[in-house]
Structure formats: C-alpha cells, structure tokens
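Residue strings, one per chain:
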Amino acid sequence: MRVMARNTRIVVVGGGYVGMYTALRLQKKLRRGEASITVIDPQSHMTYQPFLPEASAGSIEPRHVVVPLRRVLRKCHHLTGRVTEINHANREITAEMAAGHITKIGYDILVVAPGSVARVLPVPGLAERGISFKSVGEAIYLRNHVLSRLDAASTTLDPKLRRKLLTFLVVGGGYAGVEALAELADMSRYAIRYYENINREDLRWVLVEAANRIMPEVGPKMGRYTVERLLDADIEVNLDTRVLSMVDGHVKLDDGTEFDTDTIIWTAGVKPNPMLENTDLPRDERGRIKCTTALQVVGMPEVWSAGDCAAVPDLTKKDPNATTSPSAQHAVRQAKVLGDNIVAYLRGKSLKQYKHSYAGSVASLGLYKGVAEIYGIKLRGIVAWFMHRTYHVSRMPTWNRRIRIVFDWTGALVLGREVVSLGQIHDPRAEFSRVAGNPTPPGPPAEEARARTTEVAAGRASA
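## What to know about the overall build of the chain
- Counting secondary structure elements, the chain contains 13 helices and 25 strands.
- For 463 residues, the compact-globule estimate of 2.2 N^0.38 gives 23 Å, and the C-alpha radius of gyration of the chain, at 23 Å, lies within 12% of that figure.
- Its C-alpha atoms put the chain at 75 × 60 × 45 Å along the principal axes.
- Looking at the chain as a whole, 52% of its 463 residues qualify as buried.
- Expressed as a percentage of contacts within the chain between residues at least 6 apart in sequence, the contacts between residues at least 24 apart total 68%.
- Summed over all atoms, the accessible surface of the chain reaches about 21400 Å², with 53% contributed by carbon and sulfur.
- For the chain, the separation between the mean place of its 62 positive charges and that of its 48 negative charges on side chains is 9 Å.

What follows is the structure, encoded as structure tokens:
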C-alpha cells in the first residue's frame, strides 16, 4: 500500500452524517500539513434528522437540530455549493457554488457522501401538493402550515372547506412518517385548546402505507403495538394501501376511499442522490455506489463512500450479497471507520473492515409514548420514549447542541409547547408588497415555492 505525499488534497462531497463525521475524524487524526480537507455541501450545516419531528412539533428549537459546519470543522475548508458531476478519470469534481458560478475542483482522495433524497412515485398531484420531511426547512414549514390550517378552519363557515383544512395525510409508515405523524398530531391536539370552535374529533390524521406493517425495524409485535397506539390517538391507519391520485388535494386510495386534504406529507422511502448518475463510479442496481468492506469504492482505492448512497457489504449477515441498511446508526459508525482508514491509507498502513451488528431501534410516538427494541429487548410507552430521547441526544454532535436540546425539553416540560404559527417567514415580502401596491409580486418567495415543488417532483440532488 503506497504512502501518499504531504499536502494531499482530500475532498468530501456532502456535509451530512458521513461527510461531517468523517471530516471531524480526519481533522482530529491528521498531522499538520499532512493533508488539506475540503467539505462541499449546499447547506452550511448538518441536520440531525431524528430530531426533525420534535422540532416540527415545538419541543425543540429548530436551530438546535442543525450543526454549523464551519464551527465544528475549523481545520477544514467549507464550500457552500452543489456538486453536479464527478469525473474520477480526471480526478476532479464539478460544483455549482452558492454565488451561481460553476467551478472544477481537483482531488487526490475523494469521499462521496451526498446521502439520499425522497423516493418520489408518479402519483398525479404529488409534485404540486406534497412535501417531504428530510430538512429543517420542511420541518419548520410543516409546523407553521399545520397551525395555519387550524387558524383558517376556525374562521370559515364552509363545512367542506373546514373538513379539508382539518384533514392531514402522511404517506409512508417508516420511522420518518410515523414519528412526524405522531408529533404533529400531538401538537395539533394540544393547540386546539386555544380554539373555541375546534374539537379533537374535528381533526383527522390519516396514515397510508403500501406494506402490510409499519416500522418493520422494530419487529411485528412492536409494529402492532405502534398501530394500536396510533389508533388510540384517533389516527386512521391504512395498511396494504396505495395512493392513486392527489390532484388539487383530492386523495384517492386504491381501496376506494376518497377525501380532500390541504396537507400531504410524503415519507415513502428514500433513494440515492441523483447526482451519482453524473459520475463514473460503479453503482449497483439500486443506484448506490459499490463499496468494499473497508469503505473504498470498488476498483478505485482513492475514492471512499458510506451512508445512504453506498452499498457496503454487511459482514454480520450470512448472505454474501447483504448490504448495510440506510440508517443513521450505520452512517455514524461507518464515518468513524472511513476516517481512520483514510488516515491509514495515507500512511501506508492496513485498513479496517466495517462490521457492526444492528443494535436495535427506538422511535417516538408523541409525548411520553414510544417503542424500542434494543439487542432483542422490547420496550414501549414512557420507558421507550425516554430511551429514544436519551439515545439521540447522546448521538447529537457537539456538547453545545446537546445542552441546548436538553434545555429545550426542560422548558417545554415546565412551560408547555409553543403553538404559534410564523407563516410570514415563508413569504416575508407579502405585506410590504401589498402596501406598495403590488399584491402578487414575482420574487424570491414565489421562486422558492416553485423550486420546492420541483425538488419534490424530481428528487433534486442534495449535494
């Protein structure tokens, strides 16, 4: 194994779990002058996605579930931009910078970790009406949107419009969908105590899942328990059901059910970042980068990958074709091995093989409710909910964010939830434009709305 020259150029594509944790590991392990590290991501922060449901429900301040990359990666260079192409034959990447210009960046070592995007299906109306749940922006939007639907419903005399406004649909019964559904439903039920003309039975929350069970990671028994808790919370659960259409918010299910809604949350799985299609890296049938157990890209020892976009062999399974699941649990652990292996590669030492037995799963079902299965031990109720919070706050990068989150929880416990909609942030120029005599101006808010619709429809690359 060769020893790389000093001042090796290391480029990390993506600032999510794998990208940020790998860069953290490298800046800790590398000697001064041994290599330069450049991290490229469209955002200036890393989002800890397991806390998005609580951020959207008002239990955590949204800014506290993101980690500023420039603050934690002080020995790295950070470029805010979107990588659009990787040409390993020429050892260069192409990126569109935040300022709008296109640039090419050379590298000696490349870490490809752009993550995943929402898996969008060709359902009529989805592109126009749906929103996914993968970013802090979407979490903030959904919080404000749900509360604004309560405001609108409390002021209309039209019973049909009122039913539409108070009907909320979540498509996808995985962790993201169930936790988002449970937290937002809890928030809406808490909020209606301040609305004199909205009762609990007026709220309609609907979950649609194409499989015959939800959250398969926690096992059949705990999956059934989860369904029972959702039903106890007056949430409609539709298993073995698919959405046929949602044009103009009129939802049609394949079991014949039809209803109108003004809120469609799409969490029906993820797929590798589409940017990988513009690379010369080897990929499997699902579009993931083929990797070795040492997290090197097959046939390209200078290129490394891990996380949602990588097909990493799972050494804990008997099936030789098994690969690790796209979870934060694997991503964080893979990043540690990946960082150590890059350092070992630079110094001509042997590489480690990634092997991690799945420890289990934890999920929140709203305030004081949860399910967990850890090393075969099944937990539920408040114990599982507490385990969920304890585990994820321990995984949150930096003590700064951990302490802030604990303070948020303590404040919410003592003072209650904040249930105010700040919908103005989604169209901040609206009032100024109105008084200026231009009630429907073209500008950033309209452009951002169109961009969000396009992103949901096309699964736009996140790096």
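Picking up where we left off.
## Topic: the packing of helix α10 (residues 382-395) against helix α11 (residues 399-415)
- Remark: α10 packs on α11, axes separated minimally by 9 Å, with the N-to-C direction vectors making an angle of 150°. Between α10 and α11, the crossing angle belongs to the class labelled roughly antiparallel. Along this stretch, α10 crosses α11, giving a crossing that reads as right-handed. Where α10 abuts α11, its residues R389, V393 and S394 lie against R402, I405, V406 and W409.

## Topic: unusual backbone geometry
- At L295, a residue that is not glycine, the phi angle is positive and equals roughly 75°.
- Counting through the fold element by element, L295 comes out in the loop between β19 (289-290) and β20 (296-297).
- Owing to a relative accessible area of 0%, L295 belongs among the buried residues under this scheme.
- In the Ramachandran plot, T398 falls in the positive-phi region, its phi being about 75° despite a non-glycine side chain.
- You can see T398 is positioned in the loop between α10 and α11.

## Examining the packing of aromatic side chains
- Counted according to the given criterion, the structure contains seven aromatic pairs.
- With centroids separated by 5.0 Å and ring planes inclined at 70°, the aromatic side chains of Y368 and W385 adopt a geometry described as edge-to-face. You can see Y368 sitting in the loop between β23 (360-364) and β24 (370-374) and its partner W385 sitting in helix α10, a full 17 residues away along the chain.
- Cluster of aromatic residues (ring-pair linked, three or more members): Y17, Y48, F51 and W409.

## What to know about the environment of K221
- Within the secondary structure layout, K221 lies in helix α8 (residues 219-232).
- Judged by relative accessible area, which is 52%, K221 ranks as exposed.
- Between the C-alpha atom of K221 and that of D255, which follows or precedes it by 34 residues, the distance is 25 Å.

## Let's talk about the pairing of strand β12 (residues 204-208)
- Counting buried residues in β12 gives four out of five residues, a clear majority hidden from the surface.
- Inspection of the sheet shows strand β11 (residues 167-171) paired to β12 by five bridges, in the parallel sense. Pairing of F168 across the sheet is with W205, part of β12.
- Crossover connection from β11 via helix α7 (residues 175-191) to parallel β12: handedness right-handed.
- Handedness of the crossover joining β12 and strand β13 (residues 235-238) through α8 is recorded here as right-handed.

## Comments concerning α8
- In this model, α8 (14 residues) spans 20 Å end to end at C-alpha, consistent with the 20 Å of a helix rising 1.5 Å per residue.
- Buried within α8 we find G219, M222, G223, Y225, T226, V227 and L230.
- On its buried side, α8 packs onto α7, β12, β13, β24 and β25 (377-380).
- Following α8 by one or two positions, D234 adopts a phi angle in the positive range, close to 65°.

## Some points on the sheet that holds strand β17 (residues 263-266)
- Overall, parallel pairing links the five strands, which are arranged β10-β17-β11-β12-β13 in an open sheet. Of all the strands in the sheet, the pair left with one neighbour each is β10 (130-131) and β13.
- Seen against the sheet, α7 touches β11, β12, β13 and β17 and runs at an angle of roughly 175° to β12.
- Sitting on the sheet, α8 touches β12 and β13, and the angle it makes with β13 is about 140°.

## What to know about the pattern of salt bridges
- Across all of its chains, the model carries 20 salt bridges by this definition.
- One salt bridge connects R389 with E54, and the closest N-O pair in it is separated by 2.8 Å. Here the residue R389 occupies a position in helix α10, and E54 occupies one in helix α2 (residues 52-56), the gap between them amounting to 335 residues. E54 shares its class with R389; the two are buried.
- Across the salt bridge formed by R200 and D234, the nearest N and O atoms sit 3.0 Å from each other.

## Points about the environment of G348
- Its place among the elements puts G348 in the loop between α9 (328-346) and β23.
- Each C-alpha atom of the pair G348 and E217 lies 39 Å from the other, and the pair is 131 residues apart in sequence.

## Focus on the environment of V270
- Checked against the element boundaries, V270 lands in strand β18 (residues 270-272).
- Along the primary structure V270 and A118 are separated by 152 residues, whereas in three dimensions their C-alpha atoms are 4.5 Å apart.

Criteria and cut-off values
- Residues numbered from 1 in each chain as written.
- Predicted model: local features only at pLDDT ≥ 70, side-chain atom pairs only at ≥ 80, totals over all residues.
- Heavy atoms only, no water.
- Helix = DSSP H or I, 4+ residues; strand = E, 2+ residues; numbered from the N terminus.
- Rg over C-alpha atoms; globule rule 2.2 N^0.38 Å.
- Buried < 20%, exposed > 50% of the residue type's maximum accessible area, 1.4 Å probe, protein only.
- Contact = heavy atoms within 4.5 Å.
- Areas by Shrake-Rupley, 256 points an atom, 1.4 Å probe, with all protein chains shown as cover.
- Lys, Arg positive; Asp, Glu negative; His and termini not counted.
- Charge placed at Lys NZ, Arg CZ, Asp CG, Glu CD.
- Axes fitted to C-alpha atoms, helices over the stretch in contact; angles between N-to-C directions.
- Parallel < 35°, antiparallel > 145°, perpendicular 65-115°, else oblique.
- Left-handed = near helix turned anticlockwise from the far one by under 90°.
- Phe/Tyr/Trp six-rings, centres within 6.5 Å; stacked < 30°, edge-to-face > 60°.
- Pairing = 2+ DSSP bridges.
- Right-handed = clockwise from strand over helix to strand, strands pointing away.
- Expected span 1.5 Å × (residues − 1).
- Salt bridge = Lys/Arg side-chain N within 4 Å of Asp/Glu carboxyl O.

Purely geometric stuff here, so don't read any function into it on its own.
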